[in-house]
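Structure assessment
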Amino acid sequence: MFLVANLGTKQPCHSRDPGCPNDGRYQFNTNIVFSSNGTLVDRYRKHNLYFEAAFDTPLEVDHIIFDTPFAGKFGVFTCFDILFFEPAARLLRDPEVKHVVYPTAWMNQLPLLAAVQIQRGFATAFGINLLAANIHHPSLGMTGSGIHAPRKSFWHHDMESPEGHLIVAPVAKNPLGLVGAANATGKTDPAHGKFLKILAAGPYSEKDAQDVHCNGATGWDTSTPATFYSEMMYDNFTLVPVWGKEGHLRVCANGLCCQLLYQRPTLSKELYALGVFDGLHTVHGTYYVQACALVKCGGLGFDTCGQEITEAAGMFEFHLWGNFSTPYVFPMLLTSGMTLETPDQLGWESDHYFLTKRGLSSGLVTAALYGRVYERD
């Protein structure tokens, strides 16, 4: 057994150091790593602080990888780090790093950044195992831990009980990734065939929707609903309502266009919307986001789209895709009761990143592609 523990550490510094605090010491949010014989093998000091006045940012970024005799190399970073290139994405440029240990104190923020959402999205996007230990403090909105492999998650999310929970799960030493385009399924899956046909047709037009209509679907409304704006995650999203039992929708902001091809076996008395955001997020951190999101709204008014909800009844079969300018796209699929779902397929097709799903286990809360454009932060 190796042990990774999170704690506060202090490091004396000299007054000649221009960054040295007045009390003569640095304080760091630190993960320490012990090996199976009790040796301290490494330490990581958190780089991306989140309202942590007690701690200092290290002068240099720690890139910490430790080796184990049972599963090879592990990376380690903390909480807010998961959203940034340094150190998280850079660590995973090493192809031998198949696992990440991730202590966190994460406040859930739906519909796009609940703890288990970003944990699962990160594991899937990078094709690694993520061992995520979140502090359990429901009154602060902090809960949600998991052992996340690219294709399966074992997680715990509980906003009721103050008790913690131990998660134990078997994972592969060399996890199999889920990301990969799947042209061949277009022949056997009619919906995927329609998706490929729309991509092949080039820029969206009413004719595209009509072509899909003529290709076997019945009763399609090819008129695109008017766009509206609503705040989601403190960002001003551009959205279109998702009405009817089937359709093909498109909504754009700046350079990002998001598209949805969907069918609904039954209609629920709920409002869903397809939203897009392509811009700099500036609240509680500054970082550039490209996001496509199919969300259940909090009520029936457009102004409720983007509100935090955890229960839903709407069932969908869908393809969601966008022309992202970044390779770093985190797929998120969340259904009623904070349930993580596994996409059927996802990956790149004709310069678009896509996600497909049929057969949800419960009503859809959020299906999203959350892109990070690190170089525009």
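Residues numbered from 1 in each chain as written. Predicted model: local features only at pLDDT ≥ 70, side-chain atom pairs only at ≥ 80, totals over all residues. Heavy atoms only, no water.

So, on to the overall build of the protein. Helix and strand counts for the protein come out as four helices and 21 strands. A globule of 377 residues ought to have a C-alpha radius of gyration of about 21 Å, and the protein, at 22 Å, matches this closely. By its C-alpha atoms, the protein is 70 × 40 × 40 Å across when sized along the principal axes. Restricting to contacts in the protein with at least 6 residues of sequence separation, those with at least 24 account for 63%. Here the protein has roughly 16,700 Å² of accessible surface; of this, 54% comes from carbon and sulfur atoms. (Helix = DSSP H or I, 4+ residues; strand = E, 2+ residues; numbered from the N terminus. Rg over C-alpha atoms; globule rule 2.2 N^0.38 Å. Contact = heavy atoms within 4.5 Å. Areas by Shrake-Rupley, 256 points an atom, 1.4 Å probe, with all protein chains shown as cover.)

This paragraph deals with the sheet that holds strand E17 (residues 329-335). The strand order across the open sheet formed by seven strands is E10-E11-E14-E15-E21-E17-E18, and the pairing between neighbours is antiparallel. Edge positions in the open sheet fall to strand E10 (228-232) and strand E18 (339-340), since each of these has one partner strand only. Strands in contact with helix H2 (residues 115-126) are E17, E18 and strand E21 (364-372); relative to E17, the strand with the most contacts, it is inclined by about 135°. (Pairing = 2+ DSSP bridges. Axes fitted to C-alpha atoms, helices over the stretch in contact; angles between N-to-C directions.)

Moving on: the domain arrangement of the protein. Domains assigned within the protein are domain 1 (3-156) and domain 2 (224-376). Each of domain 1 and domain 2 was reduced to a C-alpha centroid, and the two centroids are 28 Å apart. Around 2,600 Å² of area is buried between domain 1 and domain 2 when both sides are counted, 73% of it from carbon and sulfur atoms. The interface formed by domain 1 and domain 2 holds zero salt bridges in total. Taken together, the links from domain 1 to domain 2 amount to six residue pairs in polar contact (both at pLDDT 80 or more). When residues of the side of domain 1 that touches domain 2 are traced back to their parent elements, those giving at least two are helix H1 (85-91), H2 and strand E9 (153-156). (Domains from an automatic or database assignment. Buried area = accessible area lost by both parts, 1.4 Å probe. Salt bridge = Lys/Arg side-chain N within 4 Å of Asp/Glu carboxyl O. Polar contact = N/O pair within 3.5 Å; in protein donor to acceptor, adjacent residues only side chain to side chain.)

For the rest of this paragraph, the subject is helix H3 (residues 190-200). Of the positions making up H3, those classed as buried are His192, Lys194, Phe195, Leu196, Ile198 and Leu199. Here H3 starts with a cap whose side-chain oxygen sits 3.0 Å from the backbone nitrogen of Ala191, and that cap is Asp189. Backbone geometry just after H3 places Gly202 at a positive phi near 90°. (Buried < 20%, exposed > 50% of the residue type's maximum accessible area, 1.4 Å probe, protein only.)

What follows deals with H2. One turn of the α-helix equals 3.6 residues, which is why residues spaced by three or four share an orientation. For H2, spanning twelve residues, the distance from its first C-alpha to its last is 17 Å, which sits close to the expected 16 Å at 1.5 Å a residue. Among the twelve residues in H2, ten count as buried, and that is most of the element. Looking at the residues trailing H2, positive phi occurs at Gly127, about 65°. (Expected span 1.5 Å × (residues − 1).)

Glancing now at unusual backbone geometry. Both trends apply: most residues other than glycine have a negative phi, and most peptide bonds are in trans. A cis amide bond links Glu86 with the next residue in sequence, Pro87, at an omega value of 0°. Among the secondary structure elements, Pro87 is positioned in helix H1. Put simply, Leu110 and Pro111 share a cis peptide bond, and its omega is 10°. Relative to the elements of secondary structure, Pro111 occurs in the loop between strand E6 (97-104) and H2. Its identity as a non-glycine residue notwithstanding, Met233 has a phi of 55°, on the positive side. Looking at the element boundaries, Met233 is found in the loop between E10 and strand E11 (235-242). Take Met233: its relative accessible area is 8%, and that puts it in the buried class. The residue Tyr234 is not glycine, and still its phi comes out positive at about 70°.

Our focus in this paragraph is the packing of aromatic side chains. The full count for this structure, using the stated rule, is 27 aromatic pairs. Consider the rings of Phe80 and Tyr287, whose centres lie 6.2 Å apart with planes at 75°: the pair is edge-to-face. Pair noted here: Phe80 is in the loop between strand E5 (72-76) and H1 and Tyr287 is in strand E15 (residues 287-296), with a separation of 207 residues, a long-range link. We note that Phe80, like Tyr287, is buried. Feature note: the residues Phe77, Phe85, Tyr102, Phe122, Phe126, Tyr328, Phe330 and Tyr374 constitute an aromatic cluster, connected by ring pairs. Directly above the aromatic system of Phe28 lies the positively charged group of Arg45, at a separation of 4.9 Å from the ring centroid. Above the plane of the ring of Phe84 lies Arg372, whose end atom (NZ or CZ) is 5.4 Å from the centre. (Phe/Tyr/Trp six-rings, centres within 6.5 Å; stacked < 30°, edge-to-face > 60°. Lys NZ or Arg CZ within 6 Å of the ring centre and 35° of its normal.)

In this fold, Phe324 is placed in the loop between strand E16 (317-322) and E17. In this structure the C-alpha to C-alpha distance between Phe324 and Asp278, which are 46 residues apart in sequence, comes to 9.4 Å. Those residues within four positions of Phe324 in sequence are excluded, and the remaining contacts are Leu256, Gln290, Ala291, Cys292, Val329, Trp348, Asp351, Tyr353, Leu369 and Gly371.

Using the criterion set out here, one finds four disulfides in the structure. Paired by a disulfide, Cys13 and Cys20 hold their sulfur atoms 2.1 Å apart. Around the S-S axis, the bridge from Cys13 to Cys20 shows a dihedral of about 75° and counts as right-handed. The pair formed by Cys13 and Cys20 is uniform in burial state, with each residue classed as buried. Disulfides within the protein link the bonded cysteines, taken in sequence order, as 1-2, 3-4, 5-6, 7-8. (Disulfide = S-S within 2.5 Å.)

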